[in-house]
Amino acid sequence: MSTGSAGAAGTATAREEEWDASWRSLERHMLQLYTAGAPRTIHQFWQRCYFEDLWKAMGRDAARGSYLELGAGRGTTSMYLASRGCDVTMLDLSAAGFRVAEENFRREGLPAPKLVQADARATGLAAASYDCVFHIGLLEHFEAPHPLLVEAVRLLKPGGLQFAVIMPERSPRIRFLTLGLLRPWARGRALLPETVRRRVRPQLVRAPRAS
């Protein structure tokens with residue numbers, strides 16, 4: 001193995017250990033983000049919105065599409081897809097994250113997805129394999145996200161959808177304001193009307209169709 005390869009492998013191993021440690025810490029106070037019923041918390045509301053936007057963006061292909069979640073972690077959006085009977089693959093660098101996901105799927109009685117432990121920038125998966133490649137709160141962890149985006153496009157079938165939700169770093173004041181503006185349960189007390197709150201949505205990127 002060359003020095004460059006050894007260095008890259010060492011970096012990947014270090015990142016895997018870092019994420020494993022992070023997930024082990026989070027397991028002690030893990031929020032339940034998936035719900036089969038109506039959202040009961042702002043976090044469940046946000047997660048449901050991510051899924052509903054993805055589902056709507058897929059249009060007529062939503063139910064029969066093949067999905068790959070990069071940096072899947074606990075797999076909340078994948079859980080919603082699995083609840084609709086979709087073909088779901090989850091990819092993450094962390095084995096500890098997958099243990100959380102497996103427990104979540106078991107708890108809700110959902111069919112288990114295919115799990116792939118790999119770096120999202122170099123998955124080793126076959127090109128043009130998925131109708132939709134999506135990632136929730138992943139890009140902001142990379143100083144240079146270009147390799148991840150290139151890999152996601154490589155994995156898409158012609159005309160497939162890449163769906164990304166980016167979580168910007170926010171000050172405590174902005175987080176407080178967001179709760180006041182968008183909390184779904186505060187009818188009559190939220191600062192924005194419901195019609196406006198429903199329009200806050202992530203961005204969509206579609207792969208070009210083959211000519």
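Our subject is the structure listed above.
Cut-offs used in this document
- Residues numbered from 1 in each chain as written.
- Predicted model: local features only at pLDDT ≥ 70, side-chain atom pairs only at ≥ 80, totals over all residues.
- Heavy atoms only, no water.
- Salt bridge = Lys/Arg side-chain N within 4 Å of Asp/Glu carboxyl O.
- Helix = DSSP H or I, 4+ residues; strand = E, 2+ residues; numbered from the N terminus.
- Buried < 20%, exposed > 50% of the residue type's maximum accessible area, 1.4 Å probe, protein only.
- Axes fitted to C-alpha atoms, helices over the stretch in contact; angles between N-to-C directions.
- Parallel < 35°, antiparallel > 145°, perpendicular 65-115°, else oblique.
- Left-handed = near helix turned anticlockwise from the far one by under 90°.
- Contact = heavy atoms within 4.5 Å.
- Nonpolar A, V, L, I, M, F, W, Y, C, P; charged D, E, K, R; others polar.
- Phe/Tyr/Trp six-rings, centres within 6.5 Å; stacked < 30°, edge-to-face > 60°.
- Lys NZ or Arg CZ within 6 Å of the ring centre and 35° of its normal.
- Expected span 1.5 Å × (residues − 1).
- Polar contact = N/O pair within 3.5 Å; in protein donor to acceptor, adjacent residues only side chain to side chain.
- Core = buried A, V, L, I, M, F, W, Y, C linked by side-chain atoms within 4.5 Å.

Novice: Honestly, the pattern of salt bridges in this entry has me stumped. Any pointers?
Specialist: In a structure, side chains of opposite charge can pair up when their charged atoms sit close to one another. On inspection of all chains with the given rule, the structure shows seven salt bridges. For K114, the salt bridge identified is with D87, shortest N-O distance 2.6 Å. With a gap of 27 residues between them, K114 in strand 3 (residues 114-117) and D87 in strand 2 (residues 87-92) connect regions that are remote in the sequence. Note that R121 and D119 form a salt bridge whose closest N and O atoms lie 2.8 Å from each other. Under the relative-accessibility criterion, R121 is labelled partly exposed at 30%.

Novice: I'm lost on the packing of helix 2 (residues 42-58) against helix 3 (residues 76-83) in this one. Help?
Specialist: When two helices pack together, their arrangement is given by the angle between their axes and by how far apart the axes lie. Look at helix 2 against helix 3: their axes get within 9 Å of each other, and the N-to-C directions meet at 55°. Here helix 2 is positioned oblique relative to helix 3, judged by the angle of their axes. Taken as a pair, helix 2 and helix 3 cross one another with a handedness that is right-handed. Taking contact as the criterion, the partners of Q47, R48, Y50, F51, L54 and W55 in helix 2 are, on helix 3, T76, T77, Y80 and L81. Among the residues forming the contact of helix 2 with helix 3, the class breakdown is six nonpolar, three polar and one charged.

Novice: I would appreciate a short explanation of the packing of aromatic side chains in the present structure.
Specialist: The geometry of an aromatic ring pair is captured by two quantities: the separation of the ring centres and the angle between the planes. Taken as a whole and judged by the stated rule, the model has three aromatic pairs. With 4.6 Å between their ring centres and 50° between their planes, Y34 and Y80 make a pair best called tilted. Taken as a pair, Y34 in the loop between helix 1 (3-26) and helix 2 and Y80 in helix 3 lie far apart in primary sequence, 46 residues in all. The pair formed by Y34 and Y80 is uniform in burial state, with each residue classed as buried. Aromatic side chains F51 and W55 sit 5.7 Å apart centroid to centroid with 40° between the ring planes, which places their arrangement in the tilted category. Linking F51 with W55, this pair stays in helix 2, spanning four residues, or about one helical turn. Among the aromatic residues, those joined into a ring-pair cluster are Y34, F51, W55 and Y80. Looking at R84, its charged tip hangs above the ring of W55, at a distance of 4.7 Å from the centre.

Novice: Honestly, helix 4 (residues 95-108) in this entry has me stumped. Any pointers?
Specialist: Every α-helical turn comprises 3.6 residues, leaving residues that sit three or four positions apart pointing alike. The end-to-end C-alpha distance of helix 4 is 20 Å, a good match for the 20 Å that 14 residues give at a rise of 1.5 Å each. The backbone nitrogen of A96 has a side-chain oxygen 3.2 Å away, supplied by the residue at the start of helix 4, namely S94. Backbone geometry just downstream of helix 4 places G109 in the positive-phi region, at approximately 65°.

Novice: Explain the nonpolar core to me, please; I cannot follow it from the model alone.
Specialist: Generally speaking, a soluble globular protein has its nonpolar side chains buried in company with each other. Membership of the largest hydrophobic core comes to 28 residues, with the highest contact counts inside it found for L54, Y67, L81 and F134. Every element with two or more residues in this core is listed here: helix 2, helix 3, strand 2, helix 4, strand 4 (130-136) and strand 5 (156-165). Take this core: its biggest share by element is seven residues, from helix 2. For L81, the contacting residues outside a window of four places in its chain are F51, L54, W55, Y67, C86, V88 and F134. If you look at the next biggest cluster of nonpolar residues, it comprises 16 residues, including A120, L125, V133 and L155.

Novice: What am I meant to see in helix 2 here?
Specialist: In a regular helix each residue adds 1.5 Å, so 17 residues correspond to 24 Å; helix 2 covers 25 Å between its end C-alpha atoms and thus fits that length. Counting buried positions over the 17 residues of helix 2 gives 12, a clear majority of the element. Every buried residue of helix 2 is accounted for by I42, Q44, W46, Q47, R48, C49, Y50, F51, D53, L54, A57 and M58. G59 occupies a position one or two residues after helix 2 and carries a positive phi of about 60°.

Novice: Would you mind showing me how to read unusual backbone geometry here?
Specialist: The phi torsion at A128 lies on the positive side, around 55°, for a residue other than glycine. Note on placement: A128 falls in the loop between strand 3 and strand 4.

Novice: Where do I start with the packing of helix 3 against helix 4 in this structure?
Specialist: Running from N to C, helix 3 and helix 4 point in directions that differ by 35°, and their axes come no closer than 10 Å. Regarding helix 3 and helix 4, the two cross each other, and that crossing is right-handed. Of the residues in helix 4, those touching helix 3 at S78, M79 and A82 are N104, F105, R107 and E108. For the contact of helix 3 with helix 4, the per-class residue count stands at three nonpolar, two polar and two charged.

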